[in-house]
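Residues per chain are reported as follows:
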Amino acid sequence: MWHITKREIYDNLNSLRFALTTVLLLALMVTNAVRHIREHPKRVQTYRDAVTESSARLTAHADGSLYKLAQYGPGNFYKKPSSLHFCANGGESILPDTIKVGDPPVFATDSENRVILQGVWSLSYPDANLQNKNVGPKVSQVDWAFIIGSILSLIALWFTFDAFSGERERGTLRLMLANSIPRHTVLIGKFFGALISISIPFALAALVNLLLISTASTVHLTTEAWGRLGIIFALALLYTSLFVALGLLVSARVQQSAVSLMILLLMWVTLVVFMPSTLASIASSFSPATSFDEFWKQRNPIEEDLWDKYDEWLWSSKVDDKTLRGKSAFFTENAEREERRHEERLRYRSSQVYRARAITSISPATLLQHLIEGFAGTGFERHLQFVENTQRYARQLREFVADTDRADPESPHILGVREGMSKKFITPESVPRFEDTLNLSRDFNTAAMELLLLTLFVLVLLSGAYLAFVRVEV
Amino acid sequence: MLMTLIRRELLDNLMTFRFAAAVFITLLLVVANTVVLLKDYEQRLTAYNTATQESYQKLREERVYSRYAMDLIVHRPPNPLSIFNLGLDKQVGNEIAVYHAFVPTIWDAVKHGADNPFLNLFTSIDIVLVFQGVLSLLALIFAYDALAGERERGTLRLVLTHPIQRGHILLAKYISAMLCLLVPLLISLLLSIILLTTSTTISLHADDFLRIGGIVLTSLLYVSLFYLIGLCISAMTRRTSTALMLCMFVWGVLVLVYPNLILTAVDIVPQPNTQISAYHQIKQMWEELNREKKLFLRNDTVLGPLSRNGEDWGFRLKGGEYSFLRDEDKPSTLLYFYQSGFYAGKIKAESEPHVPLVQNYYGFHNREIVSTVNRTWLVRKPALEAIYVQPANLGQMLLKFSPVGLYDAATEAWAGTDLEGIQDFFSTVQRYRRAVVDYFYDKKIFESRQWFAADEGTADWDALPQFAFHRSDTDINAKRALPDMLLLLTMNVILFTVIMLIFIKSEV
């Protein structure tokens, strides 16, 4: 078997397609690296500036009374850019990278425009990047996901379309099978031969890409990032073997190599180009064309009016316990309601996205796209992780405020109202800070299903190729 | 003789498996996608109709004119031809407010509430995309062995023993292959048009069929170009397997690699910060206007004491109900304006003497606003062009080095979903805004009592000019598509000549 593999590799190495493939992959990978080196420092800088500004805001809010911190909360939250952004762009222009903490809402002002009733902060999740006003042509960025998903799969077909049909045309297949080699050995030899010959230019191009990126002083890759890159490389091999298996399958069944290539290319166009977009359109047409507001109204037909509920306390300027508790409850409920509404909207929209993702998973190209996004720490999954991180931190901060207040025996423990909270000074250093983190094991868990599907695809196609080749007449 | 050759080639092509596969695959993809796209269009149309209705009703609920700021909203209908080439139709906002304090542009438009913006994470599809990928592939598959195959089989030598010009052989091959490629193109288009006409929601005019005709013509040029590329490779190579491999490589590069690679290498993302000085200029003009307003109000003998520190929030009129503020501050689209005012239900008798003065003030102030907007527009328009239109045009131009880019641009122009086609809508909105402002001037609405109070007659919204948008005429579409089509045609002619030269000089 090893003999056949070796023969295949030598055959391929000298061929025109090998040279063209190498040139093509190198060009793509170098462009990708150059772009990343040019863009990434800017992205990181923007993020750092934003985080510094947001951290300064939190410091300003925490420097003084606890009430101010409880009222104004933290600064805005920013999504940490992934250092593996070059692997998958992950819809960067669509997904928002900020979660806003709005100024506390002003409920009422007096005739001189002075605030008399002001609530507390709440989180608001922006839907999608509405700042994107680009009217230029839409193309996909050349990232690893594109290179592997579209180009490498095409190359895999390019290397295998004549694996059997070509040999049959030349008559060498008969010669080979005249020897006492079992057919499955021939098949496996061919499979690995093609896979290795494709991996060589890809590995070379990836190496050049990574060399360029890692030598640039502005981009820093951690050990974890290298681990993730290793996983992505393995994914690329798995995905390529899927198309190698497909190529072998068709090539074994079809007599002429030209016909085999045509069938393969049409299959490729359907699988990689049309299925993802058509299926996504079908999936999005399932979701009703109602706006979220209508959906919300249907879900919550009678929403209790907070103004009526707390009317007796809101307008009194007394500072007794009952009034303060009334105001505090109004503020917290209002903030909670705002936050819940935003969260529901995000969930409503994510469920549509998940549905579309599930349906498009029939296409291996989409599976790969999602997997690479997952491991590169970009894309939709990562966005939701960022949202979760923020929510966890928001809880943490609220607990911190409550705990600090509880620790002060003189405070009446009524949160959200100036008169009801601890008067003790707090220091900005004691306040917990937000850090956006990525979690590899979580990424593995979410990817497990998709990984399994992709492997299953490969196995099915390989056994298909085996059956086809065993039964075929030479 | 030519006819005999064509007949031979045609029969040769028609009886092949690849022809059957070509027809089948194109039909399948086009029909499946038409159904999906039709559904998508219907949804967008429903969303448009609901939104238009809602805006209409909301505007009629308002009783004073100054409230039109919130509710005079016009909507962009989805383009039925976006099924053929989606272009910018789905991407650009489709809801825009008409207001005298800013000039509405494509960048101020927002999306209807019904859309889920996250779904843009998935790529969208249209019929031109199917043709772009599949027909070019089929053209190459028809072409790769046209000359190399005959040379390999030795039939070329046989044919040339007859007294036939070599040019005729080429022409015969070209014509018959194009006829064969026309079959899947036309049948699939026919089916999709039948599907479109059976749908009750989509209404195609006679003009639309002309535009579809333009798209078909462009598709033909595109397919022919790819066939000629394949023929060129076939004429240059000795063996069919090499020709096939090269054809696929060229296809991959032209269709898949080049468009993405070039736009990754050359950054065409808009950079709003480059025009930040224009934004500051606009902001300054508005701040100046605001200062003048405050100065005017403070110095006015009667209104001065009534206005709080130069703010026009109610003028202490008895019966004033609430004040409002409408402002935008978006450095990324250079939008800045600031407009405050108030709304009064029933003005009490004791404040009645002040009313003419307030009316006079609003008449004066709104005129100032309109002239400020005109001045800011002179700054804003070129700055917006520099930020957004120039990179977009650069991207379009770079893409046109590949036939795919030319094809896409030309069909977009025919369908009216290109930037210019979308801009047509926004120019109409800008004209409509001027019409509304003129109407307000004519009827002296800015200085009327109904601008802020509803006690002596309410705003008459039905008399307002109505908004109507018609897509541009077919000849304008044609004019926009023509340069790209001519480029495609020239490429065809040049390639054909090159093939002729190669073929005449080549040994058999």
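Please read these numbers as outputs of a predicted model, since none were measured by experiment. (Residues numbered from 1 in each chain as written. Chains lettered and ligands numbered in written order. Predicted model: local features only at pLDDT ≥ 70, side-chain atom pairs only at ≥ 80, totals over all residues.)

## Overview of the overall build of chain B
If you tally the helices and strands in chain B, you get 15 helices and 4 strands. Counting all 508 residues of chain B, 45% fall into the buried class. In chain B, of all internal contacts separated by at least 6 residues, the share reaching a separation of at least 24 is 82%. (Helix = DSSP H or I, 4+ residues; strand = E, 2+ residues; numbered from the N terminus. Buried ≥ 20, exposed ≤ 12 C-beta atoms within 10 Å, placed from the backbone. Contact = placed C-beta atoms within 7 Å.)

## A word on the overall build of chain A
Looking only at helices and strands, chain A features 16 helices and 7 strands. Here the C-alpha coordinates of chain A stretch approximately 100 × 50 × 40 Å along the principal axes. In chain A, which comprises 474 residues, the proportion classed as buried is 41%. The contacts of chain A with a sequence gap of at least 6 include a subset with a gap of at least 24, amounting to 82%.

## Notes on the packing of helix H2 (residues 16–62) of chain A against helix H7 (residues 183–215) of chain A
All names here are of chain A. The contact between H2 and H7 brings their axes to 8 Å, and the two run at 25°. Put simply, H2 runs roughly parallel to H7. Relative to H7, the crossing made by H2 is right-handed. Residues Phe18, Thr21, Thr22, Leu25, Leu26, Met29, Val30, Asn32, Ala33, His36 and Ile37 of H2 touch H7, and the partners they reach there are Ser197, Pro201, Phe202, Leu204, Ala205, Ala206, Val208, Asn209, Leu212 and Ile213. (Axes fitted to C-alpha atoms, helices over the stretch in contact; angles between N-to-C directions. Parallel < 35°, antiparallel > 145°, perpendicular 65-115°, else oblique. Left-handed = near helix turned anticlockwise from the far one by under 90°.)

## Side note on the packing of helix H9 (residues 240–265) of chain B against helix H13 (residues 403–415) of chain B
All names here are of chain B. Close contact between H9 and H13 brings their axes to 8 Å; oriented N to C, the two are set at 85°. When the axis of H9 is compared with that of H13, the two are roughly perpendicular. Note on element contacts: H13 touches H9 through Pro403, Val404 and Gly405, opposite Leu254, Val255 and Pro259. Considering only residue class, the contact of H9 with H13 consists of 5 nonpolar, 1 polar and no charged. (Nonpolar A, V, L, I, M, F, W, Y, C, P; charged D, E, K, R; others polar.)

## What about the nonpolar core?
Ranked by size, the top nonpolar core spans 158 residues in total, and within it Ala245(A), Leu368(A), Ile372(A), Ala139(B), Leu140(B), Leu181(B) and Tyr227(B) carry the most contacts. In this view, Tyr227(B) contacts Ala139(B), Phe142(B), Ala143(B), Ala177(B), Met178(B) and Leu181(B); residues no more than four positions away in its chain are not counted. In this structure, Val92(B), Ala278(B), Tyr336(B) and Ile422(B) belong to the second largest nonpolar core, which totals 61 residues. (Core = buried A, V, L, I, M, F, W, Y, C linked by C-beta atoms within 7 Å.)

## So, the sheet that holds strand E2 (residues 77–78) of chain A
Residue and element names in this part refer to chain A. Read from one edge to the other, the open sheet built from 3 strands follows the order E2-E3-E6, with strand pairing classed as antiparallel. Lying at the two open borders of the sheet, with one neighbouring strand each, are E2 and strand E6 (123–124). Relative to E6, strand E3 (residues 98–101) runs antiparallel, the two being bridged by 2 bridges. Within the sheet, the bridge partner assigned to Val101 lies in E6 and is Leu123. (Pairing = 2+ DSSP bridges.)

## Re the environment of Ser153(A)
Residue and element names in this part refer to chain A. As for its position among the elements, Ser153 is in helix H4 (residues 144–160). Taking the number of C-beta atoms within 10 Å as the measure of exposure, Ser153 has 25 and is therefore buried. A C-alpha to C-alpha distance of 8.1 Å links Ser153 and Val244, two positions 91 residues apart in sequence. Among residues more than four places away in sequence, those in contact with Ser153 are Tyr239, Thr240, Phe243, Trp268 and Val272.

## Digging into the pairing of E3(A)
Residues and elements named next belong to chain A. What you see with E3 is a clean split: Ile99 and Val101 sit on the buried side and Thr98 and Lys100 on the side with no burial. Examined bridge by bridge, E2 and E3 share 2 bridges and lie antiparallel to one another. Within E3, the residue paired with Tyr78 across the bridge is Thr98.

## Digging into helix H14 (residues 419–442) of chain B
All names here are of chain B. Taking 1.5 Å per residue, 24 residues should reach 34 Å; H14 reaches 34 Å between its end C-alpha atoms and fits that length. All of the buried residues along H14 are Leu419, Gly421, Ile422, Phe425, Phe426, Val429, Arg433, Val437 and Phe440. Those residues of H14 that are buried are in contact with strand E1 (73–75), strand E2 (95–97) and helix H12 (355–399). Where H14 terminates, the next one or two residues include Lys444, which has phi positive at roughly 50°. (Expected span 1.5 Å × (residues − 1).)

## Section: unusual backbone geometry
All names here are of chain B. With phi around 55°, Leu334 is a residue other than glycine that occupies positive phi space. Tracing the chain through its elements places Leu334 in the loop between strand E3 (320–330) and strand E4 (335–344). You can call Leu334 buried: it has 24 C-beta atoms within 10 Å.

## Things to note about the interface of chain B and chain A
In this complex, chain B contributes 63 residues to the contact, which on the side of chain A involves 57 residues. Of all the secondary-structure elements, those providing two or more residues to the side of chain B that touches chain A are helix H2 (17–61), helix H4 (127–143), H9 and H12 of chain B. Per-element tally for the side of chain B that touches chain A: the top contributor is H9(B), with 16 residues. For the side of chain B that touches chain A, the per-class residue count stands at 40 nonpolar, 19 polar and 4 charged.

## Some thoughts on helix H16 (residues 440–471) of chain A
Residues and elements named next belong to chain A. For H16, built from 32 residues, the straight-helix expectation of 46 Å at 1.5 Å per residue is met to within 8% by its first-to-last C-alpha distance of 44 Å. At Ala447, H16 shows its maximal kink, close to 45°. Residues Asp443, Ala447, Glu450, Leu454, Phe457, Val458, Leu461, Leu462, Ala465 and Phe469 constitute the buried set of H16. Along its buried surface, H16 packs onto H7, helix H8 (223–253) and helix H14 (364–376). (Bend = angle between axes of the 7 residues up to and from the residue.)

## A short note on the environment of Phe342(B)
Residue and element names in this part refer to chain B. Structurally, the position occupied by Phe342 is in strand E4. With 20 C-beta atoms packed within 10 Å, Phe342 lands in the buried category. Along the sequence, Phe342 and Phe84 sit 258 residues apart, while their C-alpha atoms lie 48 Å from each other.

## Observations concerning the confidence of the model for chain B
Residues and elements named next belong to chain B. A residue-level look at chain B finds 98% of positions with pLDDT of 70 or above and a mean pLDDT of 87. Within chain B, H13 carries the highest mean pLDDT (94), whereas helix H3 (residues 68–71) carries the lowest (73). For this predicted complex, the interface confidence comes out at an ipTM of 0.86, alongside a pTM of 0.89. (pLDDT = per-residue confidence, 0-100.)

## Remarks on the environment of Asp207(B)
Note on placement: Asp207(B) falls in helix H8 (residues 206–236). The class of Asp207(B) is partly exposed, set by 16 C-beta atoms lying within 10 Å.

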